[in-house]
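Residue-level listing of the chains:
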Amino acid sequence: MRKLLSVNFSRIWKDKFFWLCMGAMLIYSVVYMLNGCRQSTVNMPEYNYSIDKYYFNFAIVIGAFSALFSSMFLGTEYSDGTIRNKIIVGHTRKSIYFANLITSFAATLLIMSVWLIGALVAIPILGVWEMGIPNLLSYLFIAVMFEAAFSSIFTFICMQSTNKAITVVVSMLLFLGLLVFASITYNALGEPEMTSGVNITTNGIEMSEPAPNPNYVRGAKRMIYEFIVDFLPTGQGLQMWQVKIGNSARMLLSSIAITVLTTLGGIFVFKRKDLK
């Protein structure tokens, strides 16, 4: 597998789309963080802005980069006949699958690292992380793990589809679907238990007495929603973006479970795939 990884990484360094993703992420991080700096000095300067508020924005977009890169890079394996050539020279399908998964994961981590480095431009104005280094490292480790889950999901798709265009579309639609589903679930959990209405009286606008919120998620349903948000990589990304990580242990175990199951399933299907 060492030779396969060597070939894959050699392709990465020459891949224009990879460098396009790196450049796009760097520009996005710098512009986004500088805008955060502008907000801290122009809009409500008395508000306690910190780098924590902006630093984890990558968590909601890194899945899209993973989907796009995996689809474009691994999709070429079929269109150029590379996979058949690898098998002809003696590489096993299992080693090919693992090499592609590792390559996809490593490339996306490099793209994510560009954000982490570029976002440091805000430190002179926003300062260092108020959460502290231990919590920062914990957040980053969770990000690495849910990115592994993303990579395993999209590698599964890419290694089964022989049409690169279809692979790109399916991967992006899956990511967007998971993001929308996680967003709806996460927003439902954010509904307050009690709400107060607004009444217009002769004395002006007054708040009514708090009443139970019919949209508040209770009981077993709430536990299921919380599990879904912690389980999905997109749900974990949303929580990280909001800097409101809940059950970190469940998140890590979920990422491991997704990575292992999709990888084993992908290898099982790929071994039986007709490559003619």
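The text that follows walks through the structure, step by step, so that each part is easy to find. If you're wondering where the values come from, they're calculated on a predicted model, not measured in any experiment.

## A look at helix 11 (residues 233-241)
Next up, step 1: Where burial is concerned, most of helix 11 is hidden: 8 out of the 9 residues are buried.
Next up, step 2: Looking at helix 11, one finds that the buried residues are Pro233, Thr234, Gly235, Gln236, Gly237, Leu238, Gln239 and Met240.
Next up, step 3: Downstream of helix 11 by one or two residues, valine 243 has phi in the positive range, about 55 degrees.

## Focus on the side chain of threonine 155
Next up, step 1: Position of threonine 155 among the secondary structure elements: in helix 8 (residues 133-160).
Next up, step 2: Leaving out residues up to four positions away in the same chain, threonine 155 has contacts with Leu74, Tyr97, Asn100, Leu101 and Ser104.

## A word on the environment of leucine 178
Next up, step 1: Mapped onto the elements, leucine 178 comes out in helix 9 (residues 164-189).
Next up, step 2: Between the alpha carbons of leucine 178 and proline 233 there is a distance of 8.3 Å; along the sequence they are 55 residues apart.
Next up, step 3: Among residues more than four places away in sequence, those in contact with leucine 178 are Leu232 and Thr234.

## Digging into the packing of helix 9 against helix 11
Next up, step 1: One way to put it is that helix 9 packs onto helix 11 with a least axis distance of 8 Å and a crossing angle of 55 degrees. It follows that helix 9 is oblique to helix 11 by the angle criterion. Classified by chirality, the crossing of helix 11 by helix 9 is right-handed. In contact with Phe175, Leu178, Leu179, Ala182, Ser183 and Tyr186 of helix 9, helix 11 contributes Thr234, Gly235, Leu238 and Gln239.
Next up, step 2: Grouping the amino acids of the contact of helix 9 with helix 11 by side-chain chemistry returns 6 nonpolar, 4 polar and no charged.

## Some details on unusual backbone geometry
Next up, step 1: The backbone phi angle of valine 243 is positive, close to 55 degrees, even though this residue is not glycine.
Next up, step 2: Locating valine 243 in the fold gives a position in the loop between helix 11 and helix 12 (248-271).

## Quick word on the environment of alanine 182
Next up, step 1: Position of alanine 182 relative to the elements: it lies in helix 9.
Next up, step 2: Separated by 46 residues in sequence, alanine 182 and isoleucine 228 have C-alpha atoms that sit 7.5 Å apart.
Next up, step 3: Those residues in contact with alanine 182 that sit more than four places away from it in its chain are Val229, Leu232, Thr234, Gly235 and Leu238.

Parameters at a glance
- Throughout, a residue's number is its position along its own chain's written sequence, starting from 1.
- Predicted model: local features are reported for residues with pLDDT of at least 70 only, side-chain atom pairs are reported and counted for 80 or more only, and whole-chain, interface and lining totals are derived from all residues.
- To get the side-chain values, take all heavy atoms of the structure and skip hydrogens and water.
- Only protein chains enter the accessibility calculation, which uses a 1.4 Å probe; a residue whose area is less than 20% of its type maximum is buried, one above 50% is exposed, and one in between is partly exposed.
- Strands are runs of DSSP state E lasting at least 2 residues, helices are runs of H or I lasting at least 4, and numbering of each runs from the N terminus.
- Note on contacts: a residue pair is in contact if any heavy atoms of the two residues lie within 4.5 Å.
- With axes taken as lines fitted to C-alpha atoms, and helix axes fitted only over the stretch in contact, angles between N-to-C directions fall between 0 and 180 degrees.
- Reported orientations rely on four angle classes, namely roughly parallel under 35 degrees, roughly antiparallel over 145, roughly perpendicular from 65 to 115, and oblique for the rest.
- Each crossing is labelled by how the near helix is turned from the far one, with a counterclockwise turn of less than a right angle marking it left-handed and a clockwise turn marking it right-handed.
- Residues are grouped as follows: nonpolar covers Ala, Val, Leu, Ile, Met, Phe, Trp, Tyr, Cys and Pro; charged covers Asp, Glu, Lys and Arg; every other residue, Gly included, is treated as polar.

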